Amino acid sequence: MKISGIRYLTKQGFENVWKNRMMAFASFCVLLVSILLVGISILFYININSMIGGVENKNEVIVYLDDNTTNAQILEMQSLLEQMDNVDKVEFYSKDKAFEDMKKSMNEYEELFTSLEGDNPLPDSFRLKIKDITLTSETVTLIEELDHVYSIRAAYDFVNILTEMKKIITLIASAIIIALAIVSMVIISNTTKASVFARRNEISIMKYVGATNAFIRIPFFVEGMITGMAAGAVATIITWIGYDAVVKLLTEEVNILNIIGTGSILPFGDIIIKVALSYIISGAVIGALGSVLSTRKHLNV
Amino acid sequence: MVELKNVSVTYSTGVDALNNVSLKINDGEFAFVVGSSGAGKSTLIKLILKEIDATSGIVMVNDYNLSTLKRKKIPEFRRTIGFVFQDFRLIPSMTVYENIAFVLRVIDAPKKYIRKRVPYVISLVGLQEKSNSYPNQLSGGEQQRVAIARALVNDPQLIIADEPTGNIDPELSYEIVDLLKGINDCGTTILMVTHEHDLVRHFGGRIINIDSGEIVFDEVIGGVNED
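Keep in mind that what you see is a predicted model, and the values were worked out from it rather than measured.

Caption draft 1: Structural detail: the overall build of chain B. Per the secondary structure count, chain B includes seven helices and ten strands. Here chain B holds 227 residues, and 41% of them are scored as buried. Within chain B, residue pairs in contact and separated by at least 24 positions form 68% of the contacts whose partners lie at least 6 positions apart.

Here is the structure:
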C-alpha cells in the first residue's frame, strides 16, 4: 500500500470518529470508566503498599543496657552488635540525651525533671536498624545472649501482622484489578462490536468492491486508537483531580494517617507522567485492538 | 467471461440450490437472468462473486478459477467485477463523489486519476449536478445511477446487476436498463438478474431462465422495440 493510501485511511479514521460520534462517545465512556476503575485500584494498592513500607522503615529494635555498664563495655557491645548479620545500623543513645529529650517533650513537667537532675533514672540504649524485618525475632534472641542487656524492645509482632497484611492486600488487590480488567475488556469488546455492527453494510460494500482486509481495518484501528487515547487523557485529568482531593482530605481531616505517616502517600506530581503514559497507551491499545477484533466477523463476505 | 461447468450447490441445510448447471457468457454479452424467487438466481450470483463455493463443478470468472482461488486473492478478483445491488448499498455518510471515488481508493489508484475518472463516470450517468449530494438526498433512480457509476468506475470486465430496477419506479426502470445497455455497447459484459418480464420482453437479448436450480431456457429473443 502506498503512503498516500495510508494517509487517506488515517484521515478516514479521524473522520469516522466524528461521523459515528454517538458510537465513538459510547466507546469513549466505557473506556474512560474502565481505565479509571483499573487505574484507581492500582494507585490505591500502590499507596497502601507504600504506607506499609513507611511503617516498616520506622521499625527499630531498642536495646536497653544495665545501669552500671562502663564506657568500655558499651564500645565493645557496639562493635558486637555491628557485626551481626541482620543489623544494619547501630546508634548509641546515651541516658543523658534520653533525659534531655524527654524533658523537652514534656516541658509542662519541668519541675519534676529538675528535681530528678543528677539522678537520671533512664538507661543507656542502642537503637538498631534491622535489615530483614521478618528475621527480627531471631536477631532479638541473639542480642539477648549478650552481657549487660537490661531489656529489648522490638515490635516484631507488629511487623508480622504488617507482613501478613501486605500479602493479603496484594492478593485482594490483584484479584480486584484482574476482575475489573476482564469486565472492562468484555464491555469494550461489546461496545466496539455494536459500533462495527452499525457499519456492517459499509464493510460489506468495501468487500464487494475488492477492498483488502487491511484497507477495511485501518480506519477502524485509527478510530479505536483515537477514542482510546482521548479516554486515557481524560482519565488522567480526572484521576489527578480526584487524587489530590483525596490526599488533601486525608492529610487535613483524618488524623489517624498522621500516626502511620502521610509522608508515605505518593504525591501525584511524582507519578503523573507514569499515570498519563500508562492510561493513554493502554487506552490506545485496548481501543484499537477492540475495534479491529470486532471487524473480523464481518470481513468474511 | 463467466463459465460454469456442471456446477451443483448444496447448502449445509440440505437444500439443492443449483443442480448440474452449465453456462457460458462470453465477453461483451448482455444477458438477463430470470426466474421466480428461490429458483437459484441468488445462488448463481453468490457463486460468481465467490461469496459461496460450488459443491461440485468448475466456476470460471474473468479467467479466475474460483474453485481454486485463495482467500487472499478474492479482493484482487472482485476488482474485475462491478456490482449493482437491488438496494443500491451506497455508503450514507459519503457524498455521491466520495461513494464512487471510494472504489478507486480501494484499488490504490493515483489521486490524479481519481480526480479525472470520477467526474467522468458521474457525467456518464448524468448526475453532474448531484456530485456533492448525499444518498438520502437522491431519488431511488438517482441512487441506482450512482451505484452503476460506482460499478463502472474501475472499468471492470463484467458488471453484475442484481434486480437493479427492483426498488425504483417502473418508468425509471427503462432508463436504468438503457444505461446498462449503453455500458454494454462499450464492451463490458453485463449480467442482469430480474423478475420483471415486461422489461425483458421490451429489451430482448439473451434470456437465461432458472427454475428449481436448473437452466430451463437459454436463448436470444428479439425485443419489442428492436427492428
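Caption draft 2: Spotlight on the overall build of chain A. Check the secondary structure of chain A and you find eleven helices and four strands. When burial is assessed residue by residue, chain A has 27% of its 301 residues classed as buried. Taking the intrachain contacts of chain A between residues at least 6 apart in sequence as the baseline, contacts between residues at least 24 apart amount to 89%.

Caption draft 3: The arrangement of unusual backbone geometry in detail. All names here are of chain B. Positive phi outside glycine occurs at K50, with the angle close to 55°. The residue K50 is located in the loop between α1 (41-48) and β4 (56-61) in this model. At S212, a position not held by glycine, the phi torsion is positive, near 50°. Residue position: S212 is located in the loop between β9 (205-211) and β10 (214-221).

Caption draft 4: Region of the structure containing the sheet that holds strand β4 (residues 149-153) of chain A. Residues and elements named next belong to chain A. The strand order β2-β3-β1-β4 describes an open sheet built from four strands, whose pairing is antiparallel. Of all the strands in the sheet, just β2 (87-93) and β4 have a single pairing partner and so form its edges. Taking each pair of neighbouring strands and ignoring which way they run, the sheet shows an average axis angle of 20°. Direction of pairing for β2 relative to strand β3 (residues 125-130): antiparallel, over a ladder of six bridges.

Caption draft 5: Expanded view of the interface of chain B and chain A. Across the contact, 15 residues belong to chain B and 17 residues belong to chain A. Counting residues per element, the ones that place at least two in the side of chain B that touches chain A are α2 (74-78) and α3 (96-106) of chain B. In terms of residue class, the side of chain B that touches chain A is made up of six nonpolar, one polar and eight charged.

Caption draft 6: Focus on the packing of helix α9 (residues 213-252) of chain A against helix α11 (residues 268-299) of chain A. All names here are of chain A. Direction vectors running N to C along α9 and α11 enclose 150°, while the axes themselves pass 6 Å from each other. With respect to α11, the axis of α9 lies roughly antiparallel. In terms of crossing hand, the pair formed by α9 and α11 is right-handed. Here the contact of α9 with α11 is built from residues that sort into 21 nonpolar, 13 polar and three charged.

Caption draft 7: View of the confidence of the model for chain B. Across chain B, pLDDT averages 90, with 99% of residues at or above 70. Confidence metrics for the complex model read pTM 0.66 and ipTM 0.80.

Caption draft 8: Geometry of the sheet that holds strand β7 (residues 158-162) of chain B. All names here are of chain B. Pairing within the open sheet is mixed, and its six strands lie in the order β6-β7-β8-β3-β9-β10. Sheet topology places β6 (81-84) and β10 at the edges, where each strand pairs with a single neighbour. Within this sheet the neighbouring strands show an average axis-to-axis angle of 15°, counted without direction. Pairing between β9 and β10: seven bridges, direction antiparallel. Within β10, the position partnered with R206 by the bridge is V220. Along the sheet, helix α6 (residues 170-185) makes contact with β3 (30-34), β7 and β8 (189-193), crossing β8 at roughly 155°.

Caption draft 9: Summary view of the pairing of strand β2 (residues 16-25) of chain B. Residue and element names in this part refer to chain B. Two strands pair when backbone bridges link them, and strand β1 (residues 2-10) and β2 are joined in this way by six bridges, in the antiparallel orientation. Bridging across to β2, L4 finds its partner in L23. Hairpin connection from β1 to β2: five residues lie between these consecutive antiparallel strands, with G14 at a positive phi of about 100°.

Caption draft 10: Region of the structure containing helix α5 (residues 140-152) of chain B. All names here are of chain B. The end-to-end C-alpha distance of α5 is 18 Å, a good match for the 18 Å that 13 residues give at a rise of 1.5 Å each. For α5, the tally of buried residues reaches eleven of 13 residues, placing the bulk of the element in the interior. Buried within α5 are the following residues: E142, Q143, Q144, R145, V146, A147, I148, A149, R150, A151 and L152. Against β6, α3, α4 (111-124), β7 and α6 lie the buried residues of α5.

Caption draft 11: The arrangement of the nonpolar core in detail. Membership of the largest hydrophobic core comes to 102 residues, with the highest contact counts inside it found for V33, I100, A149 and L191 of chain B. Here this core gets eleven residues from one element, more than from any other, and that element is α9 of chain A. In this structure, V61, L81, F126 and A154 of chain A belong to the second largest nonpolar core, which totals ten residues.

Caption draft 12: Seen up close, the confidence of the model for chain A. Per-residue confidence for chain A gives a mean pLDDT of 80, with 90% of residues at or over 70. Here helix α10 (residues 256-260) of chain A stands out as the element of chain A with the lowest mean pLDDT, 54, in contrast to α9 of chain A, whose mean of 87 is the highest.

Caption draft 13: Broad picture of the pairing of β1 of chain B. Pairing of β1 of chain B with β4 of chain B involves five bridges; the strand directions are antiparallel. Among the inter-strand pairings, E3 of chain B is bridged to a residue of β4 of chain B, identified as M60 of chain B.

Caption draft 14: Structural context of the environment of K131 of chain A. Residues and elements named next belong to chain A. The residue K131 is located in the loop between β3 and α6 (136-144) in this model. We classify K131 as partly exposed; it has 14 C-beta atoms within 10 Å. Measuring from C-alpha to C-alpha, the distance between K131 and V87 comes to 5.8 Å, with 44 residues separating the pair along the chain. Residue contacts for K131: discarding those within four places in its chain leaves N86 and D88.

Caption draft 15: Inspection of the environment of A24 of chain A at higher detail. Residue and element names in this part refer to chain A. Here A24 shows up in helix α2 (residues 21-58). The exposure class assigned to A24 is buried, which follows from the 21 C-beta atoms found within 10 Å. Taking the C-alpha atoms as reference points, A24 and T191, 167 residues apart in sequence, are found 9.2 Å from one another. The contact partners of A24, leaving out residues within four places of it in the chain, are V17, E223 and T227.

Definitions and cut-offs
Just so you know, the residues in each chain are numbered from 1, in the order the chain's sequence is written. Going through the entries in the order they are written, you letter the chains from A and number the ligands from 1. Two thresholds apply to this predicted model, a pLDDT of at least 70 for residue-level local features and 80 or more for giving and counting side-chain atom pairs, whereas whole-chain, interface and lining totals are computed over all residues. Segments assigned H or I by DSSP are reported as helices when at least four residues long, segments assigned E as strands when at least two residues long, and all are numbered from the N terminus. Residues are called buried when their C-beta atom has 20 or more other C-beta atoms within 10 Å, exposed when it has 12 or fewer, and partly exposed otherwise; all C-beta atoms are positioned from the backbone. Note on contacts: each residue gets a C-beta atom placed from the backbone, and two residues are in contact if those atoms are within 7 Å. Two strands qualify as a pair provided DSSP detects at least 2 bridges between them. Axis definition: a line fit to C-alpha positions, over the contact stretch in the case of helices; interaxial angles, taken between N-to-C directions, run 0 to 180 degrees. Note on residue categories: nonpolar means Ala, Val, Leu, Ile, Met, Phe, Trp, Tyr, Cys or Pro, charged means Asp, Glu, Lys or Arg, and polar means any other residue, Gly included. Relative orientations are named as follows: roughly parallel for angles under 35 degrees, roughly antiparallel for angles over 145 degrees, roughly perpendicular for angles from 65 to 115 degrees, and oblique for any other angle. Left-handed describes a crossing in which the near helix is turned anticlockwise from the far one by less than a right angle; the clockwise case is right-handed. How sure the predictor is of each residue is captured by pLDDT, a score from 0 to 100. Helices are assigned an expected span. That span is 1.5 Å times one less than the residue count. A set of buried residues drawn from Ala, Val, Leu, Ile, Met, Phe, Trp, Tyr and Cys, joined through C-beta atoms within 7 Å, is what defines a nonpolar core.

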